[in-house]
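Chain residues, written in single-letter form:
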Amino acid sequence: MDKRIGFLSFGHWQAIPGSQVRTARDVLMQSIELAVAAEEIGIDGAYVRVHHFAQQLSSPFPLLAAMAARTSRIEIGTGVIDMRYENPLYMAEEAAATDLISDGRLQLGISRGSPEPALRGYEAFGYVPADDRTDADEARVHTELFRAAIDGAGVVLPNPQMSRSVAPLSIQPQSPGLPDRIWWGSGTRKTAVWTAQQGMNLMSSTLLTEDTGVPFDELQAEQIALYRAAWAEAGWPREPRVSVSRSILPITTAEDREYFGSMAAGERSDQVGYLDGGLARFGKTYVGEPDQIVAELVQDAAVQAADTILLTIPNQLGVDYNAHLLDTIARHIAPAIGWRNKK
């Protein structure tokens, strides 16, 4: 399997000692510059995480459009957009316009979202679930309408004073191929099967909101296997894509060692904790010399099963340092796990 690798930025900014990203403008401009640098290195994707009511990236489409305008090859995407907050039709217009600017490079990760600073923040955005629906139900309802809209479905009747047509109107613009580039961020085996049944690509993160006692990579590989089996059973005509996220921090310079040396010297393993009222399993960080990281990654069952690896980056260390990390991974680690530089 010819793998792709991309970076995933959570887009933190904070005016604290050591941070190279002190303002919202800093994180936006640096995200664009890092996408440019990643494309020059040969990295396949530039992805951003979306959070609300936090000093992180929150409105992805202006940023993704700017990334698209400054690049020509690299995929641009999200991991993930919380659909509880979204107006599906307005989002469909924004997504199609961004995809057209990128010439078909948008890879849009969406989901129910994750725990957040705001208490029911989506209600402040105007989206209050009906009494018989949960917030997760609401996210899926928004997703269904969004996907229908980007696929050209008529969503509103025409005004008879303005048109002789009686056919329902579709949102505009439309971007051919975009419906096949929608991913669902899944945290369980059950939702992975649902994702396949819906015909969406699978985006699995650095945590799973369930724990069976097996190592994280094996649980995630099981999730991927169930997804692929459900995809085949559904009979979808195309091949799906599957991504996993990993934190990979190679140490090759004195600066790397200053930042991450103590982490490399410590014990690194999966972590189990409570999230959203249940057990969750978190993947470990891969940190150390490149050869050591390669030896660990080739044993990672989920990395081997996925076609796309999203590298979570320490974005507050700035563009130059993160470009250095990506270049080190591209040169000394990624080829050993099935990636080739396609620039």
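Whatever comes next refers back to the structure up there.
This section reports on the structure supplied with the text. (Residues numbered from 1 in each chain as written. Predicted model: local features only at pLDDT ≥ 70, side-chain atom pairs only at ≥ 80, totals over all residues. Heavy atoms only, no water.)

### Thoughts on unusual backbone geometry
Here the bond from Gly79 into Val80 is cis, since omega is 10 degrees, no more than 30 degrees from zero. Secondary-structure assignment places Val80 in strand β3 (residues 75-82). In this model, Gln172 is joined to Pro173 through a cis peptide bond whose omega is 5 degrees. Locating Pro173 in the fold gives a position in the loop between α5 (135-150) and β5 (182-186). You will see that Phe53, though not glycine, has its phi angle at about 60 degrees, which is positive. For Phe53, the position within the fold is in the loop between β2 (45-48) and α2 (60-70). Take Phe53: its relative accessible area is 48%, and that puts it in the partly exposed class. (Helix = DSSP H or I, 4+ residues; strand = E, 2+ residues; numbered from the N terminus. Buried < 20%, exposed > 50% of the residue type's maximum accessible area, 1.4 Å probe, protein only.)

### Brief notes about the packing of aromatic side chains
Under the defined criterion, the tally for this structure stands at ten aromatic pairs. Pairing Trp184 with Trp194 gives two aromatic rings, centres 5.0 Å apart and planes at 65 degrees, and the pair type is edge-to-face. Taken together, the positions of Trp184 in strand β5 and Trp194 in helix α6 (residues 189-198) put the pair ten residues apart, joining distant regions of the chain. For the pair formed by Trp184 and Trp194, the shared burial category is buried. Positioned over the ring face of Trp194 is Arg140, at 3.9 Å from the centre of the ring. (Phe/Tyr/Trp six-rings, centres within 6.5 Å; stacked < 30°, edge-to-face > 60°. Lys NZ or Arg CZ within 6 Å of the ring centre and 35° of its normal.)

### Examining the pattern of salt bridges
What the rule picks out here adds up to 19 salt bridges. A salt bridge links Glu75 to Arg4; its shortest N-O distance comes to 2.4 Å. Residue Glu75 is located in strand β3, and its partner Arg4 is located in strand β1 (residues 4-9); the two are separated by 71 residues in the primary sequence. For Glu75, a relative accessible area of 8% gives the class buried. Owing to a relative accessible area of 33%, Arg4 belongs among the partly exposed residues under this scheme. (Salt bridge = Lys/Arg side-chain N within 4 Å of Asp/Glu carboxyl O.)

### Some details on the sheet that holds strand β6 (residues 201-204)
Around the barrel, which closes on itself, the eight strands sit in the order β1-β2-β3-β4-β5-β6-β8-β13 with parallel pairing between neighbours. Here the average twist between neighbouring strands, direction ignored, is 25 degrees. Seen against the sheet, helix α3 (residues 88-102) touches β3 and β4 (106-111) and runs at an angle of roughly 155 degrees to β4. Contacts between helix α7 (residues 216-234) and the sheet are confined to β5, β6 and β8 (242-246), with β8 contributing the most and set at about 165 degrees to the helix. (Pairing = 2+ DSSP bridges. Axes fitted to C-alpha atoms, helices over the stretch in contact; angles between N-to-C directions. Contact = heavy atoms within 4.5 Å.)

### Structural notes on the side chain of Thr308
Topologically, Thr308 is positioned in strand β13 (residues 308-312). Thr308 sits in the buried class, given a relative accessible area of 2%. Within the structure, the side chain of Thr308 is placed 3.0 Å from the side chain of Arg241, a separation counted as a polar contact. Those residues within four positions of Thr308 in sequence are excluded, and the remaining contacts are Arg4, Trp183, Arg241, Val242, Ser243 and Val244. (Polar contact = N/O pair within 3.5 Å; in protein donor to acceptor, adjacent residues only side chain to side chain.)

### Section: the pairing of β1
Counting buried residues along β1, five of its six residues qualify, which places the element largely inside the surrounding structure. Bridge count between β1 and β2: four bridges; the pairing is parallel. Counterpart to Gly6 in the pairing with β2 is Gly45. In this fold, β1 hands off to helix α1 (residues 24-41), which returns the chain to β2; that crossover is right-handed. (Right-handed = clockwise from strand over helix to strand, strands pointing away.)

### Here's the deal with the nonpolar core
Among the nonpolar cores identified, the biggest contains 70 residues, and Met67, Leu108, Ile110, Phe146 and Leu326 are the most heavily contacted of them. In terms of residue count, the dominant contributor to this core is α1 (seven residues). Apart from the residues lying within four places of it in its own chain, the contact partners of Ile110 are Val80, Ile81, Met83, Met91, Thr143, Ile182, Trp183, Trp184, Gly185 and Met200. By size, the runner-up hydrophobic cluster in this structure holds seven residues, among which are Leu249, Phe260, Tyr321 and Leu325. (Core = buried A, V, L, I, M, F, W, Y, C linked by side-chain atoms within 4.5 Å.)

### What about the packing of α1 against α2?
When two helices pack together, their arrangement is given by the angle between the helix axes and by the axis-to-axis distance. Packing of α1 against α2 leaves a shortest axis separation of 9 Å and a crossing angle of 35 degrees. Crossing of α1 over α2 shows right-handed handedness. Contacts between α1 and α2 involve Leu28, Ser31, Ile32, Glu33, Ala35 and Val36 on the former and, on the latter, Leu63, Ala66, Met67 and Arg70. Split into classes, the residues belonging to the contact of α1 with α2 amount to seven nonpolar, one polar and two charged. (Left-handed = near helix turned anticlockwise from the far one by under 90°. Nonpolar A, V, L, I, M, F, W, Y, C, P; charged D, E, K, R; others polar.)

### A look at α7
With 19 residues, α7 extends 27 Å from end C-alpha to end C-alpha; this agrees with the ideal 27 Å at 1.5 Å per step. Buried within α7 are the following residues: Phe216, Asp217, Leu219, Gln220, Ala221, Gln223, Ile224, Tyr227, Ala230 and Trp231. Two residues or fewer past α7, Gly235 is found with a positive phi of approximately 75 degrees. (Expected span 1.5 Å × (residues − 1).)

### Overview of the packing of α6 against α7
In the contact formed by α6 and α7, the axes pass within 8 Å of each other and the chain directions differ by 25 degrees. Considered as vectors, α6 and α7 are oriented roughly parallel to each other. Relative to α7, the crossing made by α6 is right-handed. Packed against α6, whose contacting residues are Arg189, Ala192, Val193, Thr195 and Ala196, the element α7 presents Leu219, Glu222, Gln223, Leu226, Tyr227, Ala230, Trp231 and Ala234 at the interface. Of the residues contributing to the contact of α6 with α7, the split by class is nine nonpolar, two polar and two charged. (Parallel < 35°, antiparallel > 145°, perpendicular 65-115°, else oblique.)

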